[in-house]
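Report on the structure
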Amino acid sequence: KEALAQYKKLPSNIKFVNKAEHMNGLKESCQSNDYIYIVRLDSDDLYHKTYIQQLHDYKPKKDTEVLINQNGYLYDSVTSRIGEYYHFSPQFYVFIYKSDEYLGGKRYRPEGHGNVIKKFKYELLENRNYVNVIHKQNVSNKRLGTKDTNTGRVDTKNVITDTKKVRDILKEFM
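Reference entry: report on the structure contained in this document. Just so we're clear, the structure is a prediction, and the values are computed from it rather than from any experiment.

Some words on the nonpolar core
Membership of the largest hydrophobic core comes to 13 residues, with the highest contact counts inside it found for V66 and F95. When residues in this core are grouped by element, the largest group, three residues, is from strand 6 (residues 93-98). Sequence-distant contacts of F95, defined by excluding residues within four places in its chain, comprise I36, Y37, I38, E65, V66, Y108, P110 and F120.

If you want it as structure tokens, here you go:
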């Protein structure tokens, strides 16, 4: 609470809760909705400000199990550069469950992010919806302009170093 007090008030839909409160809220949501979306995001990465609304507006096919965001940005917070990024099967995905099945214990087990696109019935979201933040502490320690060992592709195109342009892009996510 002390750390959060240093910033402007969070929107009412963002809450910090303990595990019991989380489970109760999840059960309540499942009981009042036919489907539940489990949106995955690491604590050091970002989704676009409109992302949740995009999910509300999107109508997946009946048998779709996961929505995948292949397009985003890599932001190198060490050097303040950003670049467009494509990943075949990234960690930016959303599992879709029928609420009653989720409450009954059904869980998808991807066994690694790279397997999500291989194991599940998926649809791709087209927008550039995420920022994967590179910093000194993250495990992947990717750097802009290097090769991705998973896909063999160059991580980025159009690396942007202009501070204003970088800030303008990030404003869409924060």
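Here's the deal with the side chain of Q91
With respect to the secondary-structure elements, Q91 resides in the loop between strand 5 (81-86) and strand 6. Q91 sits in the buried class, given a relative accessible area of 12%. In contact with Q91, not counting residues within four places along its chain, are R40, D42, D45, H113 and N132.

What to know about the sheet that holds strand 1 (residues 35-39)
Taken together, the four strands give an open sheet; going across it, the order is 1-6-3-7, and neighbouring strands pair in mixed fashion. A strand with exactly one partner marks an edge of an open sheet, and here the two such strands are strand 1 and strand 7 (122-125). Strand-to-strand twist across the sheet, computed as the mean angle between neighbouring axes with direction ignored, equals 20 degrees. Across five bridges, the pairing between strand 1 and strand 6 is antiparallel. Across the sheet, the residue bridging to I36 is Y97, located in strand 6.

Brief notes about unusual backbone geometry
A positive phi angle, close to 55 degrees, is found at S80, a residue other than glycine. Tracing the chain through its elements places S80 in the loop between strand 4 (71-76) and strand 5. The phi dihedral of E111 is positive, around 55 degrees, even though this residue is not glycine. Within the element layout of this structure, E111 appears in the loop between helix 3 (99-103) and helix 4 (116-119).

A look at a nonpolar patch on the surface
Residues L4, L10, I14 and F16 make up a contiguous nonpolar surface patch of roughly 390 Å² in combined accessible area. Secondary-structure assignment places L10 in the segment before helix 1 (19-32).

Notes on the packing of aromatic side chains
Tallying each qualifying case throughout the model produces twelve aromatic pairs. A ring pair is formed by Y47 and Y51, whose centres lie 4.1 Å apart and whose planes are at 15 degrees; its orientation type is stacked. A single burial state applies to Y47 and to Y51, both of which are buried. Its end group placed over the ring of Y102, R107 keeps NZ or CZ at 3.6 Å from the ring centre. Across the ring face of Y73, the terminal group of R128 is positioned such that the distance to the ring centre comes to 5.5 Å.

A closer look at the pattern of salt bridges
Going through the model one piece at a time under the given rule, you end up with five salt bridges. With a shortest N-O distance of 2.7 Å, R40 and D42 are connected by a salt bridge. Among the residues examined, D42 registers a relative accessible area of 28% and is labelled partly exposed. A salt bridge links K106 to E101, with the nearest nitrogen and oxygen atoms 3.3 Å apart. On the basis of relative accessibility, which here comes to 34%, the residue K106 falls in the partly exposed class.

Criteria and cut-off values
One numbering rule holds for all chains: residues counted from 1, following each sequence as written. In keeping with the model being predicted, local features are shown solely for residues with a pLDDT of at least 70 and side-chain atom pairs are shown and tallied solely at 80 or more, while totals for entire chains, interfaces and linings include all residues. In computing side-chain properties, one takes all heavy atoms of the structure into account and sets aside hydrogens as well as water. Remark: nonpolar core denotes a set of buried residues (Ala, Val, Leu, Ile, Met, Phe, Trp, Tyr, Cys) joined through side-chain atoms within 4.5 Å. Each residue gets one of three labels from its accessible area relative to the maximum for its type: buried under 20%, exposed over 50%, partly exposed in between, using a 1.4 Å probe on protein chains only. We count a stretch as a helix when DSSP gives it H or I for four or more residues in a row; a strand needs E for two or more, and each element gets its number in order from the N terminus. Between two residues, a contact is recorded if the distance between any of their heavy atoms is within 4.5 Å. By this definition, two strands are paired if DSSP reports at least two bridges between them. Geometry is summarised by axes, namely lines fitted to C-alpha atoms with helices restricted to the contacting stretch, and by angles between N-to-C directions that run from 0 to 180 degrees. To count toward a patch, a residue needs a relative accessible area over 30% and no salt bridge; like charges are then connected within 9 Å, while nonpolar side chains (Val, Leu, Ile, Met, Phe, Trp, Tyr) are connected within 5 Å. Under the convention used here, a 1.4 Å probe and the Shrake-Rupley method define accessible areas, while residue burial counts only the protein chains that appear. What makes a salt bridge here is a side-chain nitrogen of Lys or Arg within 4 Å of a carboxyl oxygen of Asp or Glu, nothing more. Any two of the Phe, Tyr and Trp rings considered here, Trp counted by its six-membered ring, make a pair once their centres fall within 6.5 Å; the pair's planes then place it as stacked at under 30 degrees, edge-to-face at over 60, or tilted in between. The rule for a charge over a ring is simple: NZ of Lys or CZ of Arg within 6 Å of the ring centre, and within 35 degrees of the ring normal.

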